[in-house]
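For reference, the chains in residue letters:
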Amino acid sequence: HRDLHSFPTRRSSDLHDLSAPITSTRWLVDLLAAKHSKNLNEDGQKILKQIGTGLQRMGELVDAVLQHAQVGTTPIGSSEGSDANVALSAAIDDLRKDIDTSGAKITSSSLPKLQMTMQALTQLFQNLLSNAIKYRKPDAPPSVNVKAERTGEDWTVSVSDNGIGIEPEWLERIFQPMQRRHGPEIAGSGIGLATCRKIVNRVGGEIWAESELGAGTTFYFTCPVGPDQA
């Protein structure tokens, strides 16, 4: 596949043109279903539903590509810093539907200011929380804890879950674009964690994961301490 890092050379308006055909096609499919599905036999209705599902997945993939590309088009470092508590709350609000549907419980300790924009930090948390919710155990609601600690000249933030875990050989691959450990039985674009790495790397930090199969995963990312925190 083409290197996703080449996309940021395009203008933001050009990137959003990618989603326009999908949006219009989904509207037409919804219109067809609303007005004419009763005229279709069982096979026809099944095919119409499959088309809608495919368009939804395609739309999610394009949205993920756009988010990944936009990380490279705007400054995300911030000397003033952003309150990570506020960013986490915003991410939780954005994921409210998935949280309520899954019964997820998200807890956190007091978090510091981190040297990146509020938008980038919120996106980072949203991707990590969404990942924890998607890869939950089938017999237990997700439980996610977010905390931070000072490690030398960096803040180290951890996002720990009680999910299905990740095999050792996948711990690095999951941060590469289009690398998905599971098939369509678990929704996902394969780009969310690559976007997380791109955000963290652009502010001079690192991101990695530690996991035990059946016992959950912890994602860690670092961010340099701000000048007012030194």
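Residues numbered from 1 in each chain as written. Predicted model: local features only at pLDDT ≥ 70, side-chain atom pairs only at ≥ 80, totals over all residues. Heavy atoms only, no water.

**Examining helix 6 (residues 118-134)**
Phase 1: For helix 6, with 17 residues, the first-to-last C-alpha span of 24 Å sits near the 24 Å given by 1.5 Å per residue.
Phase 2: Counting buried positions along helix 6 yields 13 of 17 residues, so the element is predominantly enclosed. (Helix = DSSP H or I, 4+ residues; strand = E, 2+ residues; numbered from the N terminus. Expected span 1.5 Å × (residues − 1). Buried < 20%, exposed > 50% of the residue type's maximum accessible area, 1.4 Å probe, protein only.)

**Digging into the packing of aromatic side chains**
Phase 1: Going through the model one piece at a time under the given rule, you end up with three aromatic pairs.
Phase 2: Aromatic side chains phenylalanine 175 and phenylalanine 219 sit 6.0 Å apart centroid to centroid with 85° between the ring planes, which places their arrangement in the edge-to-face category. With phenylalanine 175 in the loop between strand 5 (154-161) and helix 7 (192-202) and phenylalanine 219 in strand 7 (residues 216-224), this pair connects stretches of sequence that are 44 residues apart.
Phase 3: Residue phenylalanine 175 is classed as buried on the basis of its relative accessible area, which comes to 3%.
Phase 4: Measuring from ring centre to ring centre gives 5.4 Å for tryptophan 208 and tyrosine 220, while their planes differ by 15°; the resulting arrangement is stacked. Here the residue tryptophan 208 occupies a position in strand 6 (residues 207-212), and tyrosine 220 occupies one in strand 7, the gap between them amounting to twelve residues.
Phase 5: Stacked on the ring of tryptophan 155, the Lys or Arg arginine 150 has its end atom at 6.0 Å from the ring centre.
Phase 6: If you follow arginine 173 out to its NZ or CZ, it ends over the ring of tryptophan 170, 3.9 Å from the centre. (Phe/Tyr/Trp six-rings, centres within 6.5 Å; stacked < 30°, edge-to-face > 60°. Lys NZ or Arg CZ within 6 Å of the ring centre and 35° of its normal.)

**Focus on the sheet that holds strand 5**
Phase 1: The mixed open sheet is built from five strands, whose spatial order is 2-4-5-7-6. Of all the strands in the sheet, just strand 2 (105-108) and strand 6 have a single pairing partner and so form its edges. Strand-to-strand twist of the sheet, defined as the mean angle between neighbouring strand axes without regard to direction, takes the value 20°.
Phase 2: Note: strand 6 against strand 7, six bridges, orientation antiparallel. Among the inter-strand pairings, glutamate 210 is bridged to a residue of strand 7, identified as threonine 218. (Pairing = 2+ DSSP bridges. Axes fitted to C-alpha atoms, helices over the stretch in contact; angles between N-to-C directions.)

**Describing helix 7**
Working note: α-helix, 3.6 residues per turn, so residues spaced by three or four point in the same direction.
Phase 1: Among all positions of helix 7, only Leu193, Ala194, Thr195, Cys196, Lys198, Ile199 and Val200 are buried.
Phase 2: One or two positions beyond helix 7, positive phi appears at glycine 204, with a value near 85°.

**Let's talk about the confidence of the model for the protein**
Phase 1: When pLDDT is averaged along the protein, the result is 81; 74% of the residues meet or exceed 70.
Phase 2: Counting interchain partners and residues more than four positions distant, the pLDDT-below-50 stretch residues 1-13 has 19 contacts. (pLDDT = per-residue confidence, 0-100. Contact = heavy atoms within 4.5 Å.)

**Remarks on the environment of arginine 136**
Phase 1: Among the structural elements, arginine 136 can be located in the loop between helix 6 and strand 4 (143-151).
Phase 2: Sequence separation between arginine 136 and aspartate 161 is 25 residues, and the spatial gap between their C-alpha atoms is 8.2 Å.
Phase 3: Non-local contacts of arginine 136, meaning those with residues more than four positions away in its chain, are made with Ser102, Pro142, Gly163 and Ile164.
Phase 4: Within the local environment of arginine 136, its side chain forms a polar contact with the backbone oxygen of isoleucine 133, the two atoms lying 2.7 Å apart. (Polar contact = N/O pair within 3.5 Å; in protein donor to acceptor, adjacent residues only side chain to side chain.)

**Considering the pattern of salt bridges**
When the charged atoms of two side chains with opposite charge come close together, those side chains can pair.
Phase 1: Using the criterion set out here, one finds two salt bridges in the structure.
Phase 2: Note that aspartate 100 and arginine 96 form a salt bridge whose closest N and O atoms lie 3.7 Å from each other. Pair noted here: aspartate 100 and arginine 96 are both in helix 5 (residues 96-102), with a separation of four residues, about one helical turn.
Phase 3: On the basis of relative accessibility, which here comes to 36%, the residue arginine 96 falls in the partly exposed class.
Phase 4: Across the salt bridge formed by arginine 197 and glutamate 172, the nearest N and O atoms sit 3.0 Å from each other. Here arginine 197 is found in helix 7, whereas its partner glutamate 172 is found in the loop between strand 5 and helix 7, with 25 residues between them in sequence. (Salt bridge = Lys/Arg side-chain N within 4 Å of Asp/Glu carboxyl O.)

**Looking at the packing of helix 6 against helix 7**
Phase 1: At a closest axis distance of 9 Å, the pairing of helix 6 and helix 7 adopts a crossing angle of 145°. Crossing geometry of helix 6 relative to helix 7 is assigned as left-handed. In this structure, helix 6 uses Ala120, Gln123, Leu124, Asn127, Leu128 and Asn131 to contact helix 7, whose residues at the interface are Gly192, Leu193, Thr195, Cys196, Ile199 and Val200.
Phase 2: Class assignment of the residues belonging to the contact of helix 6 with helix 7 gives a composition of seven nonpolar, five polar and no charged. (Left-handed = near helix turned anticlockwise from the far one by under 90°. Nonpolar A, V, L, I, M, F, W, Y, C, P; charged D, E, K, R; others polar.)

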